[in-house]
Amino acid sequence: MKGILKTGAKAPYDVIVCGAGHAGCEAALAAARMGADVLLLTGNLDTIAQMSCNPAVGGEAKGHMIRELDALGGEMGINADTTAIQFRLLNASKGPAVQSPRAQCDKKAYQYRLKHIIELQANLSLFQGVTTDLIFEKGKAVGVKTHLGVDFYGRALVVTTGTFLKALMHVGDAKSEGGRMGDFSAKTLSDSFKSAGIELGRFKTGTPPRILGGSIDFSKCEEQPGDTKPTFFGFYDTRGDEDLFHVEHFGQSKLGWKPGEARISCWTTHTTPTTAEVVHKNLHRSALYKGDIKGTGPRYCPSIEDKCVKFEKQDTHRVFLEPEGRNTDEWYINGLSTSLPFDTQLEIIQTVPGLEKAHIIRPAYAVEYDFVIPTQLTPTLETKNIENLFFAGQINGTTGYAEAAAQGFIAGVNAVLKIRNETPFIMQRHESYMGVLIDDLVTKGTTEPYRMFTSRAEYRLLLNAGSAEHRLLNHTQRLKIVSNKRISAIEAKVNDTLHWVKFIEKTTHTGGTFANSIRRDPLAINYSFLPIKFNKLSEATRDEILYQVRYKGYLDRDLRQIAKNTNLENIKLPKNFDYYAIRGLRIESQEKLTAIQPLTLAQASRISGVNPADINVLAIFLRAQQK
Amino acid sequence: MSWGDTIMALATPMGESAIALIRVSGPLAAPITQTAFKLEGTPPARSVKIGYYQGVEGHPLDHCAYSYFEAPRSYTGEAMLEINCHGNPLIINRLMADLIKQGCRVAEPGEFTRRAFENGKIDLTQAEAIADLIRAKSDRAILLAQRQLQGALGERVHELVDQVLNLLAQTEAYIDFPEEDLPPEDKEGPLQDLSKVIASVKKLLRNRQQAPLLCDGIKTVIIGAPNAGKSSLLNILAGHERALVSAEPGTTRDYIVERIIIGQYSLQLVDTAGIRESDNPLEAQGIERAIQQAEAADFYIGVFDQSAPWPDLPQSLLDRLTSERTLLIINKCDLSCHPHFNIHPALAAHTKILLSLKTGQGIDDLASVIQSTIENQLIHPSEDDLLINTRHGAAISKAYEHLNDAKGQDGLQKPVELMASDLRLAIDALGEITGKIENEQILDRLFGNFCIGK
Ligand SMILES: Nc1nc2c(ncn2[C@@H]2O[C@H](COP(=O)(O)OP(=O)(O)OP(=O)(O)O)[C@@H](O)[C@H]2O)c(=O)[nH]1
Ligand SMILES: [Mg+2]
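> Any chance you could explain the overall build of chain B here in plain terms?
Within chain B, the secondary structure is distributed over 14 helices and 12 strands. When burial is assessed residue by residue, chain B has 50% of its 454 residues classed as buried. Sequence separation of 24 or more characterises 68% of the internal contacts of chain B that already satisfy a separation of 6 or more. Summed over its atoms, the accessible surface of chain B is roughly 20400 Å², and 51% of this surface lies on carbon and sulfur atoms.

Following this line, the structure appears as structure tokens:
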């Protein structure tokens, strides 16, 4: 631990982060790496960066976000790479924009490594204590109370308590308090938020049972060995040794395997019509179907009850068996999430080929929890009502590790910028999935746990995973979280890319320009007509150059559209603008604009229900006020 | 401040005036003035000129008065073109459609004013009043659009949106959930669906274009016996001596076409040879052609000389002269009525107007009777149909282009993410008619149609 533990009002930290999940870890690391003096509080040191759901990281859009985090100086990518047990590039048969890395990780290794990184981080103090209340002074957040009776003070607070707010777990009729099986529930914090005027909603999510691998008949399942050539989350072509992964580089414990090697397989099987029968027969005992659960669950993560009821015609559903690690025989049964009672869970699992003798070691459960309605936040994730109070992660109504990590990073960075009085760090929708994520949350809110999809990004083609370092270079340069050496390497890579794209567009050979030849045969792997020097570039650089050449027409179309919108992006809306004073606005628009308090005219135009005429009226008034 | 794009809108209320004003603002104003009015060099600024507006396809669309204003000495502070054309919705729509083809886009309510304001052209004390005006305009536009969408067109557009949403949901499902619980990807299905959607958009566009009333005007054939006064009628309506008039029956041999505007309507007026039994081969041929013209008409004006006996007209022709499509002119009321001028029973109940084309008695009402007959009997128009058409037409054409892009060329299937990108633009274009289609709607469809999730 490289920070000093300080308590009381006289010794405030720069930033206090409450919660050490995926959001909290990124928030604390980013803030500390920017030189701020940070305290990371967690209710349980043994569950730092725990994967509460399945032991996998990445996937469509999430993998993209992890790449973006990696480009900016986040930790998730490298942590997943070093602790993965197999990698898979999703959509490998589709275009580069929608290809995304995904990895199964060793759950415990993942936690240990991240915990260790936090322990080693300069300026970062780690402490186990449950946050019970926030301390406010003159409408500002100034500190936290813990259950030990010890208070900590900070100039900015980042709250990342995930699903722990008034968390209630259901296994059929059996209810217990807690944000995760075996963990506690933050019972008083919700009230602390409410008394500060923060509006809360209630969501629900669930997990499937975990079973012993020894009880699985793998001969009835199909093997998924993962890719032989791993696709990492981190960018290693721009990293030197000092930015490399192993914790042992710091002279600490060894991992014992090399990233990408020593793969472990996943397996798939499927439900049967008998499964559906059992579900239907017991539906009245499901916490979900009895009406015990009031929170809204995600549509893309349906329980087995939902699948059997809403898609009755489909008589089998896939089930994925995912190992939880190298040193455990615990398996995660992805696809069988349920709130049915335990005896029914047993009956259900035994209808699945290969799982007839399954030995459940942790039951499935559904969990309900309070979340902060995210439209109360600004794009820096600070609350609009209470200064210096930031929220990030699942507490904002999202799901997923990458979604949480991305928010944590953004909140951590902005907390530091805020106390330093510097310009906030806000990415636009065309720059990154992280930008889309934040804009969606704070502008539109969400009616179900929010997960990122590539289809949420209107400029998806510009946001390919391979270009994250290119796209975000100006932010990486500004934040300086990664080493100067790496920044130079990224700059060189971006310059190479620019140079070669231009060269390929301009240079001709017998078949016209190089670019035309490439576009004519977009599936080719090698373009022998390109100079040898091109082939000496790193694979990542070559891929990006070829991508920009092949997809030029489409990328240009998007760029034109973005240029058209810059006018609106550049017109700032003042803080606490009185929209009710503008007579030309419809009441619906006045209400929405007042609630969201958009920062720019472009953000205002994205609020559903605000129409182009409203934007014209607003523009006129802004102009009038400026004069 | 430069906005980059060029906007266009009708400044006068549709159909309420004889003259309509279309305004164009933005960088394209100058080049459009040049091409439309066939000018060499920069158009003369700040003066009213007269000329034929030539569409991009080279056809003259209307005789207009126009003025060009260079930036910043204009209402908006940008280069502007103001076109005064006939206040006929058909002509207005054609002109606006042509401006869109040339790269303009239909302005949002209040956009001209906003540009004027941004460029410092409007005093800030006026801001409040202007905002109210924009609000009123936008409320009216929303109301009109809603009414419009309850009609047949609305139904078709909603169907289209529905089909494209399904396609997009299907495409996106396989992009975003490659390893979840989806049935094996069917690549042919979506392509076939796409072709179907393209075909129905094409039909929608063709209907719009083929509607003769919208494009070519109402084909109106003047029919009657020789010497009844048909050519006299054409000349009066055209406003100049277009056809030869003489006391000699059988003067007009071949048919004569003249385009005229009556009220909001554009008429393609056809004067024909008087119909009778004739031994003269040339005249007989002319009569033959007159009957051919009559067969393809939208509307008829029958001209009858009341100083002569009722003429003998072929039954086949009489059958065509139905009451919705026909106006009878009983001519030569300056002369006494012939005792055998007995209106054929089949035509007895039709709308009639008694006048003298020679003395001018009764012709004051001529235009208004023609207009009201067309309006009440022929087309029962909904003004809103026409009003929204340009915006809708432009949006549908845009959607059509993007759908075609999505399909790709030469039967080569496009990468799905590119196809999705085109489909999204198509949905956005349709959203200009239905109101913005949010991403959430695509997701709703996706999760409704597919069992996603582990
Ligand atoms: N007295 C009188 N003469 C008229 C009137 N209208 C037309 N005429 C005369 O009738 C004659 C025939 O007129 P047109 O207009 O040539 O008749 P038309 O129907 O075109 O005749 P064809 O071309 O021969 O079929 C001309 O001498 C006109 O001057 C009218 O209202 N009163
Ligand atoms: Mg004649």
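What follows continues from the structure just given.
> Please explain the coordination of the magnesium ion (ligand 2) as it appears in this structure.
Coordination of the magnesium ion (ligand 2) by the protein involves B:Ser231 (OG) and B:Thr252 (OG1), with metal-donor separations of 2.0 to 2.1 Å. With B:Ser231 in helix H8 (residues 230-238) and B:Thr252 in the loop between H8 and strand E8 (256-262), the pair connects residues that are 21 residues apart, well separated along the chain.

> Quick question: what am I supposed to make of the site of ligand 1 here?
All names here are of chain B. Taken together, 24 residues surround ligand 1, and among them Ser232, Gly250, Thr251, Thr252 and Asp334 come closest. In the model, an oxygen atom of ligand 1 is placed 3.3 Å from a nitrogen or oxygen of the Ala247 main chain. At 2.6 Å from an oxygen atom of ligand 1 is found a main-chain nitrogen or oxygen belonging to Gly250. Burial of ligand 1 by the protein amounts to 91% of the accessible area it has alone, namely 650 Å². Per-element tally for the shell around ligand 1: the top contributor is H8, with 3 residues.

> Quick question: what am I supposed to make of the packing of helix H10 (residues 401-419) of chain A against helix H11 (residues 433-444) of chain A here?
To characterise two packed helices, one gives the angle between the axes of the helices and the distance between these axes. Residue and element names in this part refer to chain A. For the pair H10 and H11, interaxial distance at closest approach is 10 Å and the crossing angle is 85°. One finds that H10 runs roughly perpendicular with respect to H11. Every residue of H11 that contacts H10 at Glu403, Ala406, Gln407, Phe409 and Ile410 is listed here: Met434, Leu437, Ile438 and Leu441. Residues belonging to the contact of H10 with H11 are distributed by class as follows: 7 nonpolar, 1 polar and 1 charged.

> Mind showing me how you'd approach the interface of chain B and chain A here?
As a measure of interface size, the accessible area lost when the parts come together is often cited. Contacts between the two partners involve 59 residues from chain B and, on the opposite side, 55 residues from chain A. Across the chain B-chain A interface, the total number found is 6 salt bridges. Between A:Arg460 and B:Glu172 there is a salt bridge, with the nearest N and O atoms lying 2.7 Å from each other. Looking at the side of chain B that touches chain A, the elements that each hand over two or more residues are helix H3 (111-118), helix H4 (127-149), helix H5 (152-176), helix H12 (383-407), helix H13 (416-434) and helix H14 (439-449) of chain B. Broken down by element, the side of chain B that touches chain A gets its largest block of residues, 10 residues, from H4(B). Tallied by class, the residues present in the side of chain B that touches chain A amount to 25 nonpolar, 11 polar and 23 charged.

> Where do I start with the packing of aromatic side chains in this structure?
When we look at a pair of aromatic rings, we describe it by the centre distance and by the angle of the planes. Taken as a whole and judged by the stated rule, the model has 25 aromatic pairs over all chains. When the ring of A:Trp500 is compared with that of A:Phe534, the centres are 5.5 Å apart and the planes differ by 65°; the resulting orientation is edge-to-face. With a gap of 34 residues between them, A:Trp500 in helix H14 (residues 484-506) and A:Phe534 in helix H16 (residues 532-535) connect regions that are remote in the sequence. Residue classification places A:Trp500 among the buried positions, given a relative accessible area of 7%. Taken together, a centroid distance of 5.7 Å and an interplanar angle of 50° make the contact between A:Tyr527 and A:Phe529 tilted. Classification of A:Phe529 as partly exposed rests on a relative accessible area of 26%. When the ring centre of A:Phe235 is taken as reference, the NZ or CZ atom of A:Arg67 above it lies at 5.1 Å. The aromatic ring of B:Tyr75 is capped on one face by B:Arg23, whose charged end is 4.9 Å from the ring centroid.

> What exactly am I supposed to notice about the nonpolar core here?
One recurring pattern in soluble globular proteins: nonpolar side chains tend to sit buried together. Core analysis: the largest hydrophobic core is formed by 95 residues, its most contacted members being A:Val57, A:Phe193 and A:Phe409. Sort the elements by how many residues they give to this core and H10(A) lands first, with 13 residues. Not counting the four nearest positions on each side in its chain, A:Val57 is found in contact with A:Met51, A:Ile66, A:Met76, A:Ala80, A:Arg102, A:Ala103, A:Cys105, A:Tyr110, A:Phe233 and A:Tyr401. B:Val157, B:Leu168, B:Leu205 and B:Val416 belong to the second largest nonpolar core, which has 32 residues in total.

> In this structure, what is going on with the pairing of strand E19 (residues 365-372) of chain A? I would like to understand it.
On a regular strand, each side chain points to the face opposite its neighbour's, so the side chains alternate between the two faces of the sheet. Residue and element names in this part refer to chain A. In terms of burial, E19 is a largely internal element, 8 of the 8 residues being buried. Alternating residues of E19 divide into Tyr365, Val367, Tyr369 and Phe371 and Ala366, Glu368, Asp370 and Val372, and every residue in both groups is buried. Across 3 bridges, the pairing between strand E10 (residues 168-171) and E19 is antiparallel. Across the sheet, His170 pairs through a bridge with Ala366, a residue of E19. Where strand E12 (residues 200-207) lies against E19, 8 bridges are found, and the strand directions are antiparallel.

> Sorry, what's going on with the pattern of salt bridges here?
A side chain with one charge can pair with a side chain of the opposite charge if their charged atoms come near. Scanning the entire structure with this criterion turns up 63 salt bridges over all chains. Among the ionic pairs, A:Glu119 bridges to A:Lys115, the shortest N-O distance being 3.4 Å. Of this pair, A:Glu119 and A:Lys115 both sit in helix H4 (residues 107-120), 4 residues apart, roughly one helical turn. We note a salt bridge from B:Glu440 to A:Arg299, for which the minimum N-O separation is 3.2 Å. Placement of B:Glu440 in helix H14 and of A:Arg299 in the loop between helix H7 (287-290) and helix H8 (304-310) is noted, with the two residues assigned to different chains. Taking the relative accessible area as the measure of exposure, B:Glu440 reaches 33% and is therefore partly exposed. Linked by salt bridges that have partners in common, A:Asp70, A:Asp237, A:Arg239, A:Glu469, A:Arg486 and A:Lys493 make up one network.

> Which parts of the structure should I look at to understand the sheet that holds strand E18 (residues 360-362) of chain A?
Each strand in a sheet pairs with its neighbour through backbone hydrogen bonds, running either in the same direction (parallel) or in the opposite one (antiparallel). Residue and element names in this part refer to chain A. Across the sheet, 6 strands lie side by side as E14-E15-E16-E17-E13-E18; this open sheet has antiparallel pairing. Where the open sheet ends on each side, the last strands, each with one partner, are strand E14 (222-224) and E18. Each strand axis lies, on average, 35° off the axis of its neighbour in the sheet, ignoring direction. Most of the contacts of helix H9 (residues 342-349) go to E18, to which it runs at about 135°, and overall it touches strand E13 (210-212), strand E17 (330-334) and E18.

> Explain the pairing of strand E15 (residues 266-270) of chain A here, please?
Residue and element names in this part refer to chain A. Most of E15 is tucked away, with 4 of its 5 residues classed as buried. As defined by bridge partners, E14 adjoins E15 across 3 bridges and the pair is classed as antiparallel. Its bridge partner lying in E15, Glu223 is registered against Trp267.

> Just checking my understanding: could you explain helix H2 (residues 62-72) of chain A for this structure?
Working note: α-helix, 3.6 residues per turn, so residues spaced by three or four point in the same direction. All names here are of chain A. Most of H2 is tucked away: 11 of the 11 residues are buried. Of the positions making up H2, those classed as buried are Lys62, Gly63, His64, Met65, Ile66, Arg67, Glu68, Leu69, Asp70, Ala71 and Leu72. Gly73 occupies a position one or two residues after H2 and carries a positive phi of about 115°.

> I'm lost on the domain arrangement of chain B in this one. Help?
Each assigned domain of chain B is listed with its residue range as follows: domain 1 (7-122), domain 2 (127-209 + 387-447) and domain 3 (213-379). Relative to domain 3 of chain B, the C-alpha centre of domain 1 of chain B lies at a distance of 38 Å.

> Looking at this model, I keep getting lost on the confidence of the model for chain A. Mind explaining?
Any residue range with low pLDDT should be treated as having predicted coordinates unsuitable for detailed reading. Of all residues in chain A, 96% have pLDDT values of 70 or greater, and the mean over the chain is 91. Low pLDDT (under 50) marks residues 247-253 of chain A, which in the prediction has 15 contacts with non-local residues, meaning those over four places away or in another chain.

> Honestly, the domain arrangement of chain A in this entry has me stumped. Any pointers?
In terms of domains, chain A is made up of domain 1 (13-208 + 369-474), domain 2 (210-226 + 263-363), domain 3 (483-556) and domain 4 (571-626). Put simply, the middle of domain 2 of chain A and the middle of domain 3 of chain A, counted by C-alpha atoms, are 46 Å apart.

> Is there a simple way to explain the sheet that holds strand E12 (residues 351-354) of chain B in this structure?
Residues and elements named next belong to chain B. Strand order in this open sheet of 6 strands is E8-E9-E7-E10-E11-E12, and the pairing throughout is mixed. Of all the strands in the sheet, the pair left with one neighbour each is E8 and E12. Each adjacent strand pair in this sheet contributes to an overall mean axis angle of 25°, direction not counted. Against the sheet, H8 contacts strand E7 (218-224), E8, strand E9 (265-271), strand E10 (299-305) and strand E11 (326-331), and its axis sits at roughly 45° relative to E8.

> Hey, could you run me through the side chain of A:Ser215 in this one?
All names here are of chain A. Looking at the element boundaries, Ser215 is found in the loop between E13 and E14. Reaching out from Ser215, the side chain makes a polar contact with the backbone oxygen of Leu212 at a distance of 2.7 Å. A polar atom in the side chain of Ser215 sits 2.9 Å from the backbone nitrogen of His359. Among all residues touching Ser215, those that are not within four sequence positions of it are Gly354, Lys357, Ala358 and His359.

> Is there a simple way to explain unusual backbone geometry in this structure?
Most peptide bonds adopt trans geometry, and most residues besides glycine take a negative phi value. Here the amide bond leading from B:Ala71 into B:Pro72 is cis, since omega sits at 0°, within 30 degrees of zero. Within the element layout of this structure, B:Pro72 appears in the loop between strand E4 (60-69) and strand E5 (80-86). Phi at A:Asn123 is positive, roughly 65°, even though this residue is not glycine. Of note, A:Asn123 is situated in the loop between H4 and strand E6 (124-128). Although it is not a glycine, A:Lys138 sits at a positive phi angle of roughly 50°. Of note, A:Lys138 is situated in the loop between strand E7 (131-137) and strand E8 (140-146).

Conventions adopted
- Residues numbered from 1 in each chain as written.
- Chains lettered and ligands numbered in written order.
- Predicted model: local features only at pLDDT ≥ 70, side-chain atom pairs only at ≥ 80, totals over all residues.
- Heavy atoms only, no water.
- Helix = DSSP H or I, 4+ residues; strand = E, 2+ residues; numbered from the N terminus.
- Buried < 20%, exposed > 50% of the residue type's maximum accessible area, 1.4 Å probe, protein only.
- Contact = heavy atoms within 4.5 Å.
- Areas by Shrake-Rupley, 256 points an atom, 1.4 Å probe, with all protein chains shown as cover.
- Donors = N, O, S within 2.8 Å, 3.2 Å for Na, K, Ca; no water.
- Near = heavy atom within 4 Å.
- Polar contact = N/O pair within 3.5 Å; in protein donor to acceptor, adjacent residues only side chain to side chain.
- Axes fitted to C-alpha atoms, helices over the stretch in contact; angles between N-to-C directions.
- Parallel < 35°, antiparallel > 145°, perpendicular 65-115°, else oblique.
- Nonpolar A, V, L, I, M, F, W, Y, C, P; charged D, E, K, R; others polar.
- Salt bridge = Lys/Arg side-chain N within 4 Å of Asp/Glu carboxyl O.
- Phe/Tyr/Trp six-rings, centres within 6.5 Å; stacked < 30°, edge-to-face > 60°.
- Lys NZ or Arg CZ within 6 Å of the ring centre and 35° of its normal.
- Core = buried A, V, L, I, M, F, W, Y, C linked by side-chain atoms within 4.5 Å.
- Pairing = 2+ DSSP bridges.
- Domains from an automatic or database assignment.
- pLDDT = per-residue confidence, 0-100.

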